[in-house]
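# Descriptive structure summary
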Number of protein chains: 4
Amino acid sequence: MSTVIKNGTIVTADLTYKADVLIEGGQIIAIGAGLSGETVLDATGCYVMPGGIDPHTHLEMPFMGTYSADDFESGTRAALAGGTTMVIDFALPAPGEGLLDALKVWDNKAARAHCDYSFHMAVTWWGEQVFDEMQKVVARGITSFKHFMAYKGSLMVNDDEMFASFKRCAELGAVPMVHAENGDIVAEMSTKLLAEGNTGPEGHAYSRPSQVEGEATNRAIMIADMAGVPLYVVHTSCEEAHEAIRRAKMNGKRVWGEPLIQHLTLDESEYFSEDWDHAARRVMSPPFRNKKHQDSLWAGLASGTLSCVATDHCAFTTEQKRYGLGDFTKIPNGTGGLEDRLPMLWSEGVTTGRLTMNEFVAVTSTNIAKIMGMYPKKGAVLVGADADLIIWDPQARKTISAKSHQSASDYNVFEGKVVTGLPRYTLSRGLVAFAEGKVTAPEGHGEFVARTPMGAENRALSSWKALTAPRPVVRAGIPASGV
Amino acid sequence: MSTVIKNGTIVTADLTYKADVLIEGGQIIAIGAGLSGETVLDATGCYVMPGGIDPHTHLEMPFMGTYSADDFESGTRAALAGGTTMVIDFALPAPGEGLLDALKVWDNKAARAHCDYSFHMAVTWWGEQVFDEMQKVVARGITSFKHFMAYKGSLMVNDDEMFASFKRCAELGAVPMVHAENGDIVAEMSTKLLAEGNTGPEGHAYSRPSQVEGEATNRAIMIADMAGVPLYVVHTSCEEAHEAIRRAKMNGKRVWGEPLIQHLTLDESEYFSEDWDHAARRVMSPPFRNKKHQDSLWAGLASGTLSCVATDHCAFTTEQKRYGLGDFTKIPNGTGGLEDRLPMLWSEGVTTGRLTMNEFVAVTSTNIAKIMGMYPKKGAVLVGADADLIIWDPQARKTISAKSHQSASDYNVFEGKVVTGLPRYTLSRGLVAFAEGKVTAPEGHGEFVARTPMGAENRALSSWKALTAPRPVVRAGIPASGV
Amino acid sequence: MSTVIKNGTIVTADLTYKADVLIEGGQIIAIGAGLSGETVLDATGCYVMPGGIDPHTHLEMPFMGTYSADDFESGTRAALAGGTTMVIDFALPAPGEGLLDALKVWDNKAARAHCDYSFHMAVTWWGEQVFDEMQKVVARGITSFKHFMAYKGSLMVNDDEMFASFKRCAELGAVPMVHAENGDIVAEMSTKLLAEGNTGPEGHAYSRPSQVEGEATNRAIMIADMAGVPLYVVHTSCEEAHEAIRRAKMNGKRVWGEPLIQHLTLDESEYFSEDWDHAARRVMSPPFRNKKHQDSLWAGLASGTLSCVATDHCAFTTEQKRYGLGDFTKIPNGTGGLEDRLPMLWSEGVTTGRLTMNEFVAVTSTNIAKIMGMYPKKGAVLVGADADLIIWDPQARKTISAKSHQSASDYNVFEGKVVTGLPRYTLSRGLVAFAEGKVTAPEGHGEFVARTPMGAENRALSSWKALTAPRPVVRAGIPASGV
Amino acid sequence: MSTVIKNGTIVTADLTYKADVLIEGGQIIAIGAGLSGETVLDATGCYVMPGGIDPHTHLEMPFMGTYSADDFESGTRAALAGGTTMVIDFALPAPGEGLLDALKVWDNKAARAHCDYSFHMAVTWWGEQVFDEMQKVVARGITSFKHFMAYKGSLMVNDDEMFASFKRCAELGAVPMVHAENGDIVAEMSTKLLAEGNTGPEGHAYSRPSQVEGEATNRAIMIADMAGVPLYVVHTSCEEAHEAIRRAKMNGKRVWGEPLIQHLTLDESEYFSEDWDHAARRVMSPPFRNKKHQDSLWAGLASGTLSCVATDHCAFTTEQKRYGLGDFTKIPNGTGGLEDRLPMLWSEGVTTGRLTMNEFVAVTSTNIAKIMGMYPKKGAVLVGADADLIIWDPQARKTISAKSHQSASDYNVFEGKVVTGLPRYTLSRGLVAFAEGKVTAPEGHGEFVARTPMGAENRALSSWKALTAPRPVVRAGIPASGV
Ligand SMILES: [Zn+2]
Ligand SMILES: [Zn+2]
Ligand SMILES: [Zn+2]
Ligand SMILES: [Zn+2]
Ligand SMILES: [Zn+2]
Ligand SMILES: [Zn+2]
Ligand SMILES: [Zn+2]
Ligand SMILES: [Zn+2]
């Protein structure tokens, strides 16, 4: 059974042109003029783009004594409704737990997904078992390893553990990732703030200002450089972290930064709301920043010093947020965004002229597919690629609201934002997964996407590091002489 | 008549994969496994890449009382021998001369080209005629305008002229370009150096140190920003200029930088040779720099803060260089490089791991085609694209020498460099234009390539500038009041 | 007749200690415990500091078809009332006018001064006469030369003129100064804005945004470096200019930056007032900036990358400002500040903790005296120094208002600001020049202060430039050889 | 008994002038023309400057299983011979040892000193005892606390310990100091290098490249900022660390950097000597760097982004260095320099024009005295100051050699350097302590110098932090409402 997308304009990371797209067997089989197929999707006035890939979600994640509110069912439903056709979620072993054991748990959770997915594996502790299993994890097609520099006492790893894991990534051709905030300082600041009576949600923001993130980003970059491996920094939210990334690139290092749609479009004033719920619902790490930081992130996306836009989707209900009444450190960290990432970015980025349409595709899909070792299966409008596509109507408008969103959460941090630019159809491997405002892909339609290690940047960096490696000085008769 | 390239690995700016390429009518008509055609080119062990595009040449250019030694015949012959399938040369109106008149002269010169070509138009003076003709030039498919901030008294334009021309570019959707060196200071320094007895070729380098280039780059960026137009900076040779570009990008500005292969691989020590000829043959503007600057340029290419690699090919013979005996200001400025750009960049960039193969393609071809408004006709391995292709043998080696090069010049600034990585075949619109060490495309095979204005960056920037334009404060009863 | 200041705490640029100060013959003759003299000034609870020096005033300046409203009489009266005991005003030759002729005019104007003064000499055109007279001007004790990069068509000089003048400064051991804004671009932007209907005072700010200042600052620094001379940048108002200065210092260059008290404490929102008068009264060049720029300036003062705080005092009456009704380019540029500089800086800098008291003294007095070649005669609390002193009451409060200020202007840009920290007494060469809220120094009390060229930075830089000067390569038999 | 220094030119951090200096009771009692005293020291042709203060020495330090070769006797003898009249040494409690106990040990060692001295106290572990004793240490006049971010397993403290200690410093008005290298990474890299056969002294340099220092510097700055206290970074050796300091200052932070004379004048090529002894003798942490880093340090001293020049004098004999034959991690870390600091800095800094004479005094003496809370008792040529003075002969020359130096070490890292500029006399509290090439101050002449906490920068920063401290949002009825 074939499907054809007619009368649209294809927009990819590097091209904009009119053509029809013919799909069969879940893949694109032809691109050109005058194509025909059994099912016809009309893209008049629309852009046909690679479906969004969200490289950073936490679905049904056990965290801070509860579970994030969206699981793979509601989470991927939200994704499709917003034009995102794939998510990469984080498999999180408990300290001491094996990586493969954790993976089984995540395999199970993900079975309900409406769209395709992959996993990053978290390294939350270090030992021979972790070292060994990393190879098996890569063999399973999971080629990226996350490290938490914050959440002291639970997920956090130390510098020597990071160095060991990063070296292992270098050997395996994998990409290390970091949540970059100095966990020691966050913990100390939190204690101090609570003691001083700063117990409200704004205390969360006070406890982890931008310099705490900048510091950790800078540190992770140094460690990756010493280990000889590229680095992916998740949720880059501030100028300090971005500056560290720019400085690294300027020294020939390979580092990617990932701003979140929240940090691009929402700011710290939200925490100063007199409504505790309003503020608590926005509690996430890193916290929202101010306009100076936002400008920095936008410029980074346009100039290529930042590479991807994600959501860190980790929704909690108001009830869950209220666990932290009287103590901000107990407010579950996280916000949603899966359904809103693309419309928000288009509205605030493309229609304003901060980004070109091609850059929009690059940062929401293509760059992510490349960095994560699954391009052009994903992230491309090419013959042979998976037909994960969106038919994007740049004139469509709506007001974002919890009343109408897919997420299981009872509020939405973008509530009230009017967006221009929405998917008319979303296709997942050729299946019309979203149409006429409804998600039509069945639960369980999603499949695991195995990824390939040893990307071009890993290989290039390894060559350079080998070429410039420390070499012993040849000395005869040591010690040779006096003064 | 069809041609098929078999058994190769296609390398583009974003992909590496095994496939055959089928060519007919000068274009790629199929990419895939098991293709067949009338002529078969074996690419076993080779990479099939878009042919190089040199965005910066000066063929048969009248300059400093003579003509550059390579014309479109020998220059494009050299290009093909080195894997470059297109050049963009600069049409230079004399002060007071009309743009269209200059264009006719360049049309005539280019008739002898072995490979395709386009032109940039230089704005060497300002007036209503220039303003008017710019539109006609753009209509002819010439969408980039060069401005010289140096060469005081001949080509140089002032800040107000640049601003006027840049604004005109903004209206026309064209890209302004600058040769960025402070011409006033270079002129003053030259006079001073000659007076102090610094008459040798090294005086050329002394007269235009990196800060002089950095300053002008910074100035041009500001002017482009005020005019609301992207900017292309030619021959970015130093950290100061690169820093200005990075800083601009960090503020959301749209600027591209273009290092030359010479600046990436040769350094200022050449000017201190005791052999006057050796030094004089390397005289070009900007002059070669030191390792610090080279490291900066390489990092820029890897990180995307610099976009293209060019040659500024402007060869002169030893005899011509000797015009400047006793007075460095009379040494014709320029060096060759058309044949050597790709092999040198591959050898010093890709084999070392400083660049990936994909980045190599991007900076030598694809980025240039995109910025210059002719992608994917040029710079792509896509069905429908011109079959300007190279079959690149990464194991092939040679020693660069004037004895065997194509250029009309009697020396080569890369003399003695051993390169690894050479074209086995070069195709120009499907024609085998270079094979078995010989250029086989006939003189006059080359065609003019018309380019498209209003690129995505121009449009995005215009939107942003419109959105943020100065708006008058509404006041009733002016002046309104006291204190 | 001797005067003693009792019971105070002396605060200098590098010390804070309790001591009395004994004055005779206009100079400090003793510092220590238990001093006595004929006149006793009680400094209980006060700081005894060097009187402020304002390095940047325009008194009775002919400008834009009128004269600035404060002359040396009212201007220096305002100075003393605010704790400033010396001003350096700009002697401005008309284009073509000799420097010495201009000096005579300024000598005459200054005869009415209540406090000491010196002059900077402006280089508003270039020629042999200017070259020659610069030496005579230095011999007269005027060791700093001002260059306008803006005010095209009147005061502006070009890059080659600046270079010539800067080289001359290097020879004479003088300090070149620049008003750094790109005059070409300001002129073009002004025309464009007026044409677009931006005729109000806010148009003035639109016409000269911070990048225009940053560019010119960067350019002047390069030119000074090429000429081998330190550089003093007046009214550094923005991060871009400050960044250029920092970058220069980081490359070993000798550059000083001078923020104005206006830019430190007032912001661009003033121009958006619906009251035309309010906005027009704030029109000055550079215009007020936003908080980001203010933070940059404050950090520069604390860290030493910026050196002095001035006023650019150039008052105009409301009537004069109204010359520009309907055309912002005709609003006379300038604001007052002489009386308010010290109280405003103390209130917003010292009481907040942004600056130490010692830094306050450094940037308002001592650094200026050093850079300008008159330390420790001025700017010091040392035996032998001129007794230009303030007895500063850190608890005294007032509300700034045009109703009570000394200036001839009918408004005050700091109107309504409550300041904490005011002079109890101001002494000019030992004379009580301000006491109990009244200026007591007679008109004409002020004397010209001759300054010394060849400061330590000039000498050090000349040594370094001589050491690293370009040297010709020694070659035998030129050209020596082939290939 | 009085001493007078006649016919000299006084050079201080901010002045250069001719005057005699009269000394009695160990202090300066008069400065002026025509002074007379019982002992006359002729300073014809010389500069009279504050004696050097070395803020960073390790005399008789237990380290890596041995003791540094110079104790307070030979170390301070070397100091005086080189014009240094005071040292600040580090009291190092063993982990678990009380601060006051350690102090007793250092008191005993220092009893043999020829010149005055003070101590910094190291915080090598954390606990209530340390917290409590810090106050007593400050009360004893020791107002600076050192933290090692390297030497994992012995001296190193973690981020949370640093934060706790820095907060304590903020309360006490003390200055925290850091040895900034990432100890985790150094340890891991050392293991890796040894395993790869990099066992020679060059392995030491490989194990702690500049980015390791830059990272730790950046981290310490963030922690100090969060704790609200200024920071002193010892032995800043590289551009990365200097960049972190500059960036911090640009954000209004209070940070001082201290390059060593070794890093300013010696480079990494020393480690590549074929002579094992030569290389091992230069092993110190941080290791020597290359010219790029040196240029950065010199520019920092001239521009004020770096504040002091020290030695980290920690001499070991060749025999001791040979402990590390076959394993660079066992080579005792440290080099000498006490006798050579001033002559080397004068020769390479002042005579070249990189620094003015006043800057020389500032970075070797006055700045140190100010930052360390003992100005103007030390570091000044003022009436009432201690007569710690040098009569500096700018024409005197010698060749540095272990054969003639004072240190107990059998070699000198500056061996063979020809210096211009040497002390003719060195005075310690009025006593001629060095004359005619001989140290004349008796063993035990040196006295402990108690220092004052709560410097101006500490107070200013505390005010600013209080003003901008996090404040809770006032909320009624929490949680307030929905959506
Ligand atoms: Zn995270
Ligand atoms: Zn996350
Ligand atoms: Zn050029
Ligand atoms: Zn050119
Ligand atoms: Zn001005
Ligand atoms: Zn002015
Ligand atoms: Zn140390
Ligand atoms: Zn040390």
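Residues numbered from 1 in each chain as written. Chains lettered and ligands numbered in written order. Predicted model: local features only at pLDDT ≥ 70, side-chain atom pairs only at ≥ 80, totals over all residues. Heavy atoms only, no water.

As recorded by an unreviewed UniProt entry, chain A carries the name Dihydropyrimidinase and is attributed to Rhodobacter lacus. Annotation of chain A in UniProt includes, under Sequence similarities (unreviewed entry), the sentence "Belongs to the metallo-dependent hydrolases superfamily. Hydantoinase/dihydropyrimidinase family." The UniProt entry for chain A carries this comment under Cofactor (unreviewed entry): "Zn(2+)". (UniProt positions renumbered as here; feature names shortened; annotations may be inferred.)

## Details of the overall build of chain A
Tallying secondary structure elements over chain A gives 15 helices and 20 strands in all. At 23 Å, chain A has a C-alpha radius of gyration in line with the 23 Å of a compact globule built from 483 residues. Over its C-alpha atoms, taken along the principal directions, chain A stretches across nearly 85 × 60 × 45 Å. Residues classed as buried in chain A amount to 68% of the 483 residues present. Expressed as a percentage of contacts within chain A between residues at least 6 apart in sequence, the contacts between residues at least 24 apart total 76%. Total accessible area on chain A is roughly 14,500 Å²; 51% of this is exposed by carbon and sulfur atoms. Averaging the coordinates of the 45 positive side-chain charges in chain A and doing the same for the 57 negative ones gives two points 4 Å apart. (Helix = DSSP H or I, 4+ residues; strand = E, 2+ residues; numbered from the N terminus. Rg over C-alpha atoms; globule rule 2.2 N^0.38 Å. Buried < 20%, exposed > 50% of the residue type's maximum accessible area, 1.4 Å probe, protein only. Contact = heavy atoms within 4.5 Å. Areas by Shrake-Rupley, 256 points an atom, 1.4 Å probe, with all protein chains shown as cover. Lys, Arg positive; Asp, Glu negative; His and termini not counted. Charge placed at Lys NZ, Arg CZ, Asp CG, Glu CD.)

## Focus: the interface of chain B and chain C
Listed per partner, the contact involves 57 residues of chain B and 57 residues of chain C. Buried area between chain B and chain C, summed over both chains or domains, comes out near 4,800 Å², and the portion from carbon and sulfur atoms is 58%. A salt bridge links Arg247 of chain C to Glu243 of chain B; the nearest nitrogen and oxygen atoms lie 3.5 Å apart. Looking at the side of chain B that touches chain C element by element, the count peaks at nine residues for helix H7 (residues 210-227) of chain B. (Buried area = accessible area lost by both parts, 1.4 Å probe. Salt bridge = Lys/Arg side-chain N within 4 Å of Asp/Glu carboxyl O.)

## Notes on the relation of the copies chain B and chain C
Structural alignment of chain B on chain C gives an RMSD of 0.0 Å, achieved by rotating through 180° and translating 0.0 Å along the axis. What we have between these two chains is a two-fold relation. (Least-squares fit on C-alpha atoms with pLDDT ≥ 70 in both.)

## Remarks on the side chain of Asp225 of chain A
Relative to the elements of secondary structure, Asp225 of chain A occurs in helix H7 (residues 210-227). Of the residues examined, Asp225 of chain A reaches a relative accessible area of 12% and is grouped as buried. Setting aside residues up to four positions removed in sequence, Asp225 of chain A forms contacts with Lys253 and Lys465 of chain A together with Gln211 of chain D.

## Remarks on the interface of chain D and chain C
Chain D puts 34 residues into the contact, and the matching count from chain C is 34 residues. Carbon and sulfur atoms make up 64% of the area that chain D and chain C hide from each other, which totals about 2,500 Å². Summed over the three residues of chain D that lose the most area to chain C, namely Asp14, Met250 and Arg254 of chain D, the buried surface amounts to 23% of that side. Our count for the chain D to chain C interface comes out at four salt bridges. Its salt-bridge partner being Arg254 of chain D, residue Glu359 of chain C comes within 2.6 Å of it at the nearest N-O pair. One can count ten residue pairs in polar contact (both at pLDDT 80 or more) joining chain D with chain C. (Polar contact = N/O pair within 3.5 Å; in protein donor to acceptor, adjacent residues only side chain to side chain.)

## Let's talk about the domain arrangement of chain A
Residues and elements named next belong to chain A. Domain boundaries in chain A define domain 1 (2-47) and domain 2 (49-461). For domain 1 and domain 2, the distance between their C-alpha centroids amounts to 30 Å. Listed as interface residues are 25 residues of domain 1 and, on the opposing side, 28 residues of domain 2. Across the interface of domain 1 and domain 2, roughly 2,000 Å² is buried in total on both sides, 66% from carbon and sulfur atoms. The interface formed by domain 1 and domain 2 includes zero salt bridges. Per-element accounting of the side of domain 1 that touches domain 2 gives the leading share, five residues, to strand E5 (residues 27-32). Looking at side-chain class alone, the side of domain 1 that touches domain 2 contains 16 nonpolar, seven polar and two charged residues. (Domains from an automatic or database assignment. Nonpolar A, V, L, I, M, F, W, Y, C, P; charged D, E, K, R; others polar.)

## A few points about unusual backbone geometry
In this model, Tyr375 of chain A is joined to Pro376 of chain A through a cis peptide bond whose omega is 5°. For Pro376 of chain A, the position within the fold is in the loop between helix H14 (357-371) and strand E17 (389-399). The backbone phi angle of Met64 of chain D is positive, close to 55°, even though this residue is not glycine. With respect to the element layout, Met64 of chain D can be found in the loop between strand E9 (62-63) and strand E10 (66-67). Judged by its relative accessible area of 31%, Met64 of chain D is partly exposed. Positive phi outside glycine occurs at Glu436 of chain D, with the angle close to 50°. Among the secondary structure elements, Glu436 of chain D is positioned in the loop between strand E19 (431-435) and strand E20 (438-439).

## Notes on the UniProt feature "domain: Amidohydrolase-related" (unreviewed entry) in chain A
In this numbering, the UniProt entry assigns the feature "domain: Amidohydrolase-related" (unreviewed entry) to residues 47-405 of chain A. Between the end C-alpha atoms of residues 47-405 of chain A there is a gap of 23 Å, over a span that is 42% helix and 16% strand.

## Considerations on the arrangement of the chains
At the C-alpha level, the nearest point of chain A lies 9 Å from chain C, with no contact between them. As for chain D relative to chain B, no contact occurs, and the smallest C-alpha gap between them is 8 Å.

## Re the coordination of the zinc ion (ligand 4)
Residue and element names in this part refer to chain B. The protein atoms that coordinate the zinc ion (ligand 4) are His56 (NE2), His58 (NE2) and Asp312 (OD), at distances spanning 2.0 to 2.2 Å. Between consecutive donor residues of the zinc ion (ligand 4), the sequence gaps follow H-x1-H-x253-D. Separating the zinc ion (ligand 4) from the zinc ion (ligand 3) is a gap of 3.4 Å. Linking His56 in strand E8 (residues 52-57) with Asp312 in the loop between helix H11 (291-303) and helix H12 (318-321), this pair joins segments that are 256 residues apart in sequence. (Donors = N, O, S within 2.8 Å, 3.2 Å for Na, K, Ca; no water.)

## A short note on the packing of aromatic side chains
Per the stated rule, a full pass over the model turns up 56 aromatic pairs over all chains. Aromatic side chains Phe63 of chain C and Tyr151 of chain C sit 5.3 Å apart centroid to centroid with 85° between the ring planes, which places their arrangement in the edge-to-face category. One end of the pair, Phe63 of chain C, is in strand E9 (residues 62-63); the other, Tyr151 of chain C, is in the loop between strand E13 (144-148) and helix H4 (159-172), with 88 residues separating them in the sequence. With relative accessibility at 10%, the residue Phe63 of chain C sits in the buried group. Residue class for Tyr151 of chain C comes out buried when judged on its relative accessible area of 17%. Considering the side-chain rings of Trp346 of chain C and Trp392 of chain C, the 5.6 Å spacing of their centres and the 50° angle between planes classify their relative orientation as tilted. Here Trp346 of chain C is found in helix H13 (residues 341-350), whereas its partner Trp392 of chain C is found in strand E17 (residues 389-399), with 46 residues between them in sequence. Neither residue differs from the other here; Trp346 of chain C and Trp392 of chain C are each classed as buried. For Arg140 of chain A, the ring lying beneath its charged end belongs to Phe448 of chain A, and the centroid distance is 5.3 Å. (Phe/Tyr/Trp six-rings, centres within 6.5 Å; stacked < 30°, edge-to-face > 60°. Lys NZ or Arg CZ within 6 Å of the ring centre and 35° of its normal.)

## Overview of the coordination of the zinc ion (ligand 1)
Around a metal, the idealised angle for a tetrahedral arrangement of four donor atoms is 109.5 degrees; for an octahedral arrangement of six donor atoms it is 90 or 180 degrees. Residue and element names in this part refer to chain A. At this site the zinc ion (ligand 1) is bound by His179 (ND1) and His235 (NE2), with donor distances of 2.1 Å. A separation of 3.4 Å is found between the zinc ion (ligand 1) and the zinc ion (ligand 2). Separated by 56 residues along the polypeptide, His179 in strand E14 (residues 175-179) and His235 in the loop between strand E15 (231-233) and helix H8 (239-250) bring together distant segments of the chain. Judged by its relative accessible area of 2%, His179 is buried. When its relative accessible area of 2% is taken as the criterion, His235 is described as buried.

## Observations regarding helix H4 (residues 159-172) of chain A
Residues and elements named next belong to chain A. In a regular helix each residue adds 1.5 Å, so 14 residues correspond to 20 Å; H4 covers 20 Å between its end C-alpha atoms and thus fits that length. Within H4, eleven of the 14 residues are buried, which leaves it mostly tucked inside the rest of the structure. Listed in full, the buried residues belonging to H4 are Asp159, Asp160, Met162, Phe163, Ala164, Ser165, Phe166, Arg168, Cys169, Ala170 and Leu172. Gly173 sits one or two residues past H4 and shows a positive phi near 70°. (Expected span 1.5 Å × (residues − 1).)

## What to know about the pairing of strand E19 (residues 431-435) of chain A
Residue and element names in this part refer to chain A. By the bridge criterion, four bridges tie strand E18 (residues 418-428) to E19 in an arrangement that is antiparallel. Bridged to Thr426 within E19 is Phe434. Two successive antiparallel strands, E18 and E19, enclose a turn made up of two residues, where Arg429 displays a positive phi of approximately 45°. Taken together, the two bridges between E19 and strand E20 (residues 438-439) define a ladder with antiparallel strand orientation. Looking across to E20, one finds that Phe434 is bridged to Val439. (Pairing = 2+ DSSP bridges.)

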